[in-house]
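Topology and contacts: notes
As a plain string of letters, each chain reads:
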Amino acid sequence: MTARKSGSRLETEIERCRSESQWDKIPELVRQLSAKLISNDDLGELLLGECKLQTYLKENPIKQGASPRGPRPKLVEVRKHLTAALDRGNLKADYIQEASVLMAKLCYVEGEYRDALGHYSRVNMDDMQLVGAPVYRLSMIAEAYATKGLCLEKVPAISPSLSNKNTGSPSSNRSTTDREQEIITCYEKSGDIALLYLQEAEKALSAGIQNRSPKPGPTAQDLELGYFLETGLQRAHVIHFKNGNLTRGVGRFREILRAVENRTTQSLRMTIARQLAEILLRGMCEQSYWSPLEDPPTVSPLDDPTRQGHTHSKNYSLSRRPRVYSGENLFCPQENTEEALLLLLISESMANRDAVLSRIPEHNNDRIISLQSASVVYDLLTIALGRRGQYEMLSECLERAMKFAFEEFHLWYQLALSLMAAGKSARAVKVLKECIRLKPDDPTIPLLAVKLCIGPLHWLDEGECFAKMVIDMGEKAAEFRAKGYLAIGLVYSLKATDASLRSTQEEYQRKALGAFQRAQSLSPTDHLAAFYLALQLAVSRQIPEALGYVRQALQLQGDDVHSLHLLALLLSAQKHYHDALNIIEMALSEYPENFNLLYTKVKLESMCRGPEEALLTCKHMLQIWKSFYNLTNPSDSGRGSSLLDRAIADRRQLNAMTLPDFSDPETGSVHATSIAASRVEQALSEVASSLQSSAPKQGPLHPWMTLAQIWLHAAEVYTGMSKPAEASACTQEAANLFPTSHNVLYMRGQIAELRGNMDEAKRWYEEALSINPTHVKTMQRLGLILHQLQRYSLSEKVLRDAVQVNSTAHDVWNSLGEVLQAQGNAAAATECFLTALELEASSPILPFTIIPRAL
Amino acid sequence: MLAMDQGVVEEWLSEFKTLPDSAVSNYAASLKDKGSLVPALYKVIRENYSDLLEPVCHQLFEFYRSGEPQLQRFTLQFLPELLWSLLSVSAARDPHTSGCIEALLLGIYNLEIVDKDGQSKVLSFTVPSLSKPSVYHEPSAIGSIALTEGALANHGLTRVVYSGPHLQRETFTAQNRFEVLTFLLLCYNAVLSYMTSTSLQSLCQLSSRVCICGYPRQQMRRYKGISTRLTVTSEFLVQLITGIHYALCNGEVELGSKALDDVLYRAQLELFPEALLVGNAIKSSLHGAALKSNNKEGARSIQVEITPTSSRISRNAVTSLSIRGHRWKRHDAVDLGSPDELMDISEVDEGVWPGGVGPDMTPPTITISNSVTTLNLGAKAMKKCRLGGRTSKDKEAGPLTTGRAASENTELSIKRLTLTSSQSVPKAGALTSLTRTASAVFSRSFEQVASGNAPPSSNHTTSEAGRYSCSLQEEGLGYLSPAPNHTQRSPSISVHLGSDL
């Protein structure tokens with residue numbers, strides 16, 4: 001007390017011991033106290049009663065859910081002390097209150113709830129001062145409110161039908177509600193005061209450490225909440241939720257969490273933060289949410305409508321409240337996911353701190369507990385972040401969970417999936433490998449890995465391994481078996497495209513075909529199996545067979561864009577250009593923004609309807625591109641900005657990259673020519689896949705690559721029209737984006753050729769080849785020019801190389817024939833011409849491989 | 001359809017038209033009392049050929065357009081049923097019959113993607129960060145936060161767009177169908193708390209059917225509707241899962257868990273990581289929680305019990321907290337829990353950033369992977385640390401103060417100075433003649449390692465340059481390798497420069 005006399009060191013010492021629950025020291029102190037003054041006897045009785053009661057409770061703690069029963073022999077003494085203290089009436093008012101409150105607590109422990117309530121009614125606890133009260137008294141008051149609440153719950157209200165709520169007259173109903181309200185108020189007050197007590201106790205403790213002693217005492221030990229304080233802190237919201245009053249429950253949670261934490265409340269805060277996050281994620285939605293600093297809505301769908309008489313705000317006030325987090329610019333969530341995330345991040349940081357690292361058997365249980373409490377938090381984080389598509393952040397959070405993850409499949413798998421969703425493919429594959437080790441029977445995991453290997457990573461050898469794992473599972477893989485064959489077929493198919501030797505190419509094509517056939521027979525209702533079978537047949541130029549399967553694929557999935565595209569290309573290979581164009585137009589009515597279809601359309605149009613139409617399509621493409629990436633909002637920045645903003649940011653790096661040629665993958669993106677090129681590619685595909693995760697647009701095309709592509713297509717149409725100036729302007733646009741792209745250089749060569757400037761053209765072609773030595777189209781043009789310059793043997797060499805790279809390019813065969821003819825090698829020339837003729841008969845307007853192959 | 005139902009629907013169709021504007025909100029509140037209306041409307045939607053379908057769709061759209069929240073929710077409760085109707089009809093390739101449902105759905109979509117002024121709406125939220133004080137915490141109490149790329153990027157509070165801007169759509173095409181439907185589900189999920197259990201059941205049914213039709217599991221579920229496979233997208237499944245999660249926790253245990261299983265089944269077959277991720281998390285988080293099915297009074301099954309507040313972990317177990325104070329004997333040999341193998345990958349993953357990036361063009365972000373475990377300094381020392389670090393002058397002063405603190409502690413201490421500056425750089429898109437503002441958060445962070453047994457030298461400035469193992473190089477080189485002169489003190493801090501993607 002503030003008015004305490006300075007001389008009484010003893011009293012201070014007693015107060016400290018009471019605050020720090022050092023009950024074993026009390027009897028000695030009491031002895032010293034009564035030696036001083038006779039009037040201290042009563043106080044001594046009080047202190048002895050208290051210390052014996054507390055010691056008893058420490059030795060025989062009350063368990064949650066268990067109710068105490070009957071008098072205990074050990075407590076007889078306590079009653080004697082307290083009765084003595086109260087009876088004489090010499091105590092100061094403060095101490096009388098303390099004695100009565102202790103007496104009531106004793107009654108509760110002995111199961112005498114009515115008696116306890118009687119004591120409480122005599123004290124009038126609302127009069128007990130909070131301001132300036134010593135720390136131990138705060139705890140005492142908090143316990144008293146909690147105990148009163150407990151007693152009120154035990155003792156039936158005036159009308160004996162407390163338990164069944166739906167019977168009885170309105171008046172008894174009302175008194176039931178009043179009673180409930182009284183109980184809740186008791187607990188809420190108890191909780192508030194308990195929080196205040198804990199804050200003050202910690203303050204006193206740390207002050208104590210500073211004042212006293214380098215001597216390490218028992219001071220560092222954590223305060224322990226007893227049964228009563230625990231009940232006081234938590235029972236109120238438990239009742240709210242039991243009654244279906246979610247609004248109040250959430251409010252109570254928030255009050256507890258807003259109070260400044262201390263060491264004792266940490267574990268409680270972690271639990272409550274997690275529970276509140278659960279409620280926010282499971283039971284609330286954006287429209288029913290209200291922010292922690294707002295008043296709750298008066299009517300909320302969250303509350304059980306069958307129960308009347310809910311009040312939404314608390315109806316008491318305390319003279320002193322626990323300190324809450326305050327200050328300027330406090331972040332206050334405005335949305336349920338935000339609040340859930342904040343709470344989960346807080347819980348996560350605590351859970352992480354408690355991660356039990358040691359693996360010795362004695363700590364097994366501890367480890368399991370820490371793992372469980374953390375994995376709940378990580379699961380909730382996944383739910384919250386997944387809803388908002390924040391996979392990158394999620395993957396970082398889950399990375400922190402790896403502390404717990406030794407041999408824990410769930411955490412590893414979730415990390416792998418999050419990395420995959422965040423576009424961190426290479427790492428995802430590594431983590432998936434660990435998942436396969438932990439759970440070798442699950443076919444999904446290797447399939448996910450193949451998906452990444454085939455797609456963004458282009459790690460075909462690894463992909464083959466993973467696909468074989470699925471196949472090796474045999475019947476166990478059930479429905480995934482067909483997927484396994486599909487996967488390995490795709491791997492072979494891509495390897496065939498990559499292979500530089502014709503024999504390897506054919507070997508892989510054969511293998512791919514076999515795998516696709518197997519997949520198709522295993523899962524005849526899967527349109528993908530039929531489609532890829534058709535695609536592979538098309539690549540091997542078995543056009544009629546391919547047509548059969550693509551029709552089958554379309555029967556299974558009528559609006560599949562790739563099947564439609566393939567159908568159009570197959571028709572164009574049969575030289576039914578108008579039919580092909582019709583199919584493309586039909587496909588475009590369903591996929592108006594698909595650039596791949598549009599490129600094919602440009603080609604077909606310049607073939608069937610003349611270049612003007614094709615140019616119109618190019619213009620249309622530019623418009624689509626603009627409307628697609630043009631949606632921005634200037635207010636936000638950084639990570640969340642629109643696609644175009646991000647694209648602008650990305651563009652600066654793109655200057656240095658070459659433009660992989662999506663319209664001609666035989667040379668461009670898929671063909672890993674050199675290590676450098678493939679690394680660039682890899683970087684690009686990571687860019688592309690990270691874009692994809694946020695953008696709903698189809699295809700992993702980078703916006704700027706798409707734009708350059710459009711310009712190049714336009715340039716090509718112009719060269720077809722013999723308009724070098726326009727073509728040059730279009731090429732320049734593409735060159736602004738990708739100055740070192742071989743496609744741009746190739747196009748420049750074509751324009752130079754158009755202008756009759758052979759030397760310049762040759763130079764451009766040579767430059768293009770120095771960037772991409774396997775660009776077949778460039779090789780073919782260069783061969784032609786060399787031919788014209790009468791450098792036959794060099795020309796022959798270039799063209800032979802080109803044929804080696806792509807044996808199905810009929811114009812190369814043709815040029816090669818011409819060169820050989822010019823050299824007088826008529827027999828070889830004839831063979832070349834025949835090959836060219838044969839290939840031309842089955843040549844599509846654009847290579848079949850422009851259709852993406854992915855799992 | 002019974003004549004009585006028809007009567008109810010017809011009455012409902014006529015009464016709203018005659019309503020004066022002032023009475024709309026009362027009318028909206030009174031809709032709840034019409035018990036037979038909602039089931040009758042479900043019947044109309046399910047029977048695709050009913051004459052009433054078109055006026056009903058029209059009326060539902062009018063409700064939505066009125067802007068009255070209760071009326072909007074009334075319309076939204078039918079969303080799952082409408083989606084199923086649309087999808088099943090389009091799978092049956094009979095596009096003409098669902099014209100009015102398409103129109104209704106597109107109408108709602110087009111209303112929702114714009115704000116009041118007709119501008120494209122962007123849905124965004126703030127990613128909370130533990131390094132900023134909030135109503136629930138104080139950064140200093142959290143202790144050190146691992147210095148990862150994400151931690152740096154989130155150093156401030158970041159506003160992130162999670163949906164939008166979207167284009168206006170006039171028709172459904174195969175390309176935009178799921179984009180529109182995903183957005184509509186997002187709207188539905190925003191009002192989940194107001195949805196009736198019938199609506200939630202319908203959502204679960206929709207989810208199951210979309211996912212299993214045409215797959216072997218269809219026989220298991222004995223659903224005999226259409227049997228063609230429906231294409232789905234991962235985002236669509238994630239939205240479905242969000243709704244299912246709510247249903248699962250609010251009384252629809254049986255249907256909900258069936259639906260969740262079916263969605264996961266499909267996500268596995270399609271190899272969708274996003275849907276698998278969220279679905280697995282829900283399954284695992286509900287695993288322990290016993291769900292009370294359909295208890296009569298109020299179907300909410302959120303249960304909270306009193307939990308013991310004392311830590312359940314015994315004091316002598318080694319935890320990540322307790323290990324922080326551990327003093328490592330050989331600093332150079334410390335492998336900070338990051339196997340080499342994983343290190344390589346992170347390098348591969350970050351990709352190669354080509355040179356030639358103009359220093360004035362790209363604000364580089366620094367990634368410091370493999371951050372050193374940071375010791376918990378006393379709160380006071382941390383504060384002192386934080387006080388510094390705004391200007392370079394303060395930065396130099398920082399270590400001096402904390403150096404003293406460290407020597408007092410005679411503990412190995414590692415402290416961190418954080419320097420953040422944000423800049424907004426307006427940029428012009430040269431090609432498209434579109435001017436955009438791109439701003440980037442530019443944060444640098446230095447982590448300094450100092451050991452307590454090294455006495456703080458008086459001429460700190462000279463030793464400073466050597467101490468910061470990661471310095472900022474804006475020349476735009478792809479990599480900075482660990483500072484060679486630091487092999488002794490700070491093991492493997494590698495720095496990447498790269499633009500924030």
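Analysis parameters
- Residues numbered from 1 in each chain as written.
- Chains lettered and ligands numbered in written order.
- Predicted model: local features only at pLDDT ≥ 70, side-chain atom pairs only at ≥ 80, totals over all residues.
- Helix = DSSP H or I, 4+ residues; strand = E, 2+ residues; numbered from the N terminus.
- Buried ≥ 20, exposed ≤ 12 C-beta atoms within 10 Å, placed from the backbone.
- Contact = placed C-beta atoms within 7 Å.
- pLDDT = per-residue confidence, 0-100.
- Core = buried A, V, L, I, M, F, W, Y, C linked by C-beta atoms within 7 Å.
- UniProt positions renumbered as here; feature names shortened; annotations may be inferred.
- Axes fitted to C-alpha atoms, helices over the stretch in contact; angles between N-to-C directions.
- Left-handed = near helix turned anticlockwise from the far one by under 90°.
- Nonpolar A, V, L, I, M, F, W, Y, C, P; charged D, E, K, R; others polar.
- Expected span 1.5 Å × (residues − 1).
- Parallel < 35°, antiparallel > 145°, perpendicular 65-115°, else oblique.
- Pairing = 2+ DSSP bridges.

Observations regarding the overall build of chain B
On a plain count of helices and strands, chain B comes out with 20 helices and seven strands. Looking at chain B residue by residue over its 501 residues, the buried ones come to 39%. Excluding contacts between residues fewer than 6 apart, the proportion of contacts in chain B whose partners are at least 24 apart in sequence is 71%.

Observations concerning the overall build of chain A
Per the secondary structure count, chain A includes 36 helices and zero strands. Buried positions account for 55% of the 855 residues belonging to chain A. Relative to all contacts within chain A whose residues are 6 or more apart in sequence, the contacts with residues 24 or more apart total 61%.

Quick word on the confidence of the model for chain B
Residue and element names in this part refer to chain B. Summing up the model confidence of chain B, the mean pLDDT is 68 and the portion of residues at 70 or higher is 56%. This model gives residues 291-299 a pLDDT under 50, and the stretch forms 17 contacts once residues within four places in sequence are excluded. Counting contacts from residues 331-501, a segment whose pLDDT is below 50, to residues more than four positions away or on other chains yields 257 contacts. Interface confidence for the predicted complex, expressed as ipTM, amounts to 0.86; the pTM equals 0.80.

A closer look at the nonpolar core
If you look at the biggest cluster of nonpolar residues, it comprises 342 residues, and the most contacted ones within it are A:Ala416, A:Leu486, A:Ala534, B:Leu184 and B:Val263. Sequence-distant contacts of A:Ala416, that is, excluding residues within four places in its chain, are made with A:Ala428, A:Val431, A:Leu432 and A:Cys435.

Quick word on the environment of A:Ile184
Residues and elements named next belong to chain A. Here Ile 184 is to be found in helix H8 (residues 170-211). Exposure remark for Ile 184: the 25 C-beta atoms within 10 Å place this residue in the buried category. When sequence neighbours within four positions are dropped, the list of residues in contact with Ile 184 reads Ala 236 and Ile 239.

Some points on the UniProt feature "repeat: TPR" (unreviewed entry) in chain A
Feature annotation in UniProt places "repeat: TPR" (unreviewed entry) on residues 409-442, 742-775 and 810-843 of chain A, given in this structure's numbering. Secondary structure across residues 742-775 of chain A comprises 79% helix and 0% strand; the distance between its end C-alpha atoms is 8 Å.

Some points on the packing of helix H32 (residues 758-771) of chain A against helix H33 (residues 776-788) of chain A
Packed helices, taken two at a time, are described by the angle their axes make and the gap between the axes. Residue and element names in this part refer to chain A. The N-to-C vectors of H32 and H33 enclose an angle of 145°; their axes lie 10 Å apart at closest approach. Every pair of crossing elements has a handedness; the one defined by H32 and H33 is left-handed. Taking contact as the criterion, the partners of Met 758, Ala 761, Lys 762, Tyr 765, Ala 768 and Leu 769 in H32 are, on H33, Thr 778, Met 779, Arg 781, Leu 782, Ile 785 and Gln 788. Considered class by class, the residues forming the contact of H32 with H33 number eight nonpolar, two polar and two charged.

Details of helix H17 (residues 444-457) of chain A
Residue and element names in this part refer to chain A. Between the first and last C-alpha of H17 there are 18 Å, a value that for 14 residues agrees with the 20 Å anticipated at 1.5 Å per step. Counting buried positions along H17 gives 14 out of 14 residues, so the element sits mostly inside the fold. Once H17 ends, the next one or two residues include His 458, with phi positive near 60°.

What about the confidence of the model for chain A?
Residues and elements named next belong to chain A. Model confidence for chain A is summarised by a mean pLDDT of 82, while 84% of its residues fall at 70 or above. Overall, residues 213-220 carries pLDDT values under 50, and its contacts beyond four positions in sequence, including any with other chains, amount to three contacts. Here residues 632-701 is a poorly scored stretch, pLDDT under 50, and it has 169 contacts once near neighbours within four places are set aside; other chains count.

What about helix H34 (residues 792-805) of chain A?
Residue and element names in this part refer to chain A. With 14 residues, H34 extends 20 Å between its outermost C-alpha atoms, agreeing within 8% with the 20 Å of an ideal straight helix rising 1.5 Å per residue. Among all positions in H34, only Ser 795, Glu 796, Val 798, Leu 799, Ala 802, Val 803 and Val 805 are buried. On its buried face, H34 sits against H33 and helix H35 (810-822).

Observations concerning the packing of H17(A) against helix H18 (residues 460-472) of chain A
All names here are of chain A. Closest axis-to-axis distance for the H17/H18 pair is 8 Å, and the angle between their directions is 155°. Overall, the two elements H17 and H18 adopt an arrangement that is roughly antiparallel. Between H17 and H18 the crossing geometry is left-handed. In this structure, H17 contributes Pro 446, Leu 447, Ala 449, Val 450, Cys 453 and Ile 454 to the contact, and H18 contributes Leu 460, Glu 462, Gly 463, Phe 466, Ala 467, Met 469 and Val 470. Grouping the amino acids of the contact of H17 with H18 by side-chain chemistry returns eleven nonpolar, one polar and one charged.

Considering unusual backbone geometry
At A:Ala478, a residue that is not glycine, the phi angle is positive and equals roughly 50°. Phi at B:Leu271 takes a positive value of approximately 55°, unusual for a residue other than glycine. Here B:Leu271 lies in the loop between helix H14 (253-270) and helix H15 (273-288). Note on B:Leu271: 21 C-beta atoms within 10 Å, which makes it buried.

Notes on the pairing of strand E1 (residues 123-127) of chain B
The side chains of a regular strand alternate, residue by residue, between the two faces of the sheet. All names here are of chain B. Across the five residues of E1, four count as buried, placing the element largely inside the fold. In this sheet, strand E2 (residues 158-163) lies alongside E1 in antiparallel orientation, the contact comprising five bridges. What sits directly across from Ser 124, in E2, is Val 161.

Remarks on the environment of B:Thr242
Residues and elements named next belong to chain B. On the secondary structure map, Thr 242 appears in helix H13 (residues 234-249). Classification of Thr 242 as buried rests on a count of 22 C-beta atoms within 10 Å. For the pair formed by Thr 242 and Ala 281, sequence separation is 39 residues and the distance between their alpha carbons is 11 Å.

Details of the environment of A:Pro773
All names here are of chain A. Note on placement: Pro 773 falls in the loop between H32 and H33. With 16 C-beta atoms counted inside 10 Å, the residue Pro 773 sits in the partly exposed group. The spacing of Pro 773 and His 742 is 31 residues in sequence and 9.4 Å in space, taken between C-alpha atoms.

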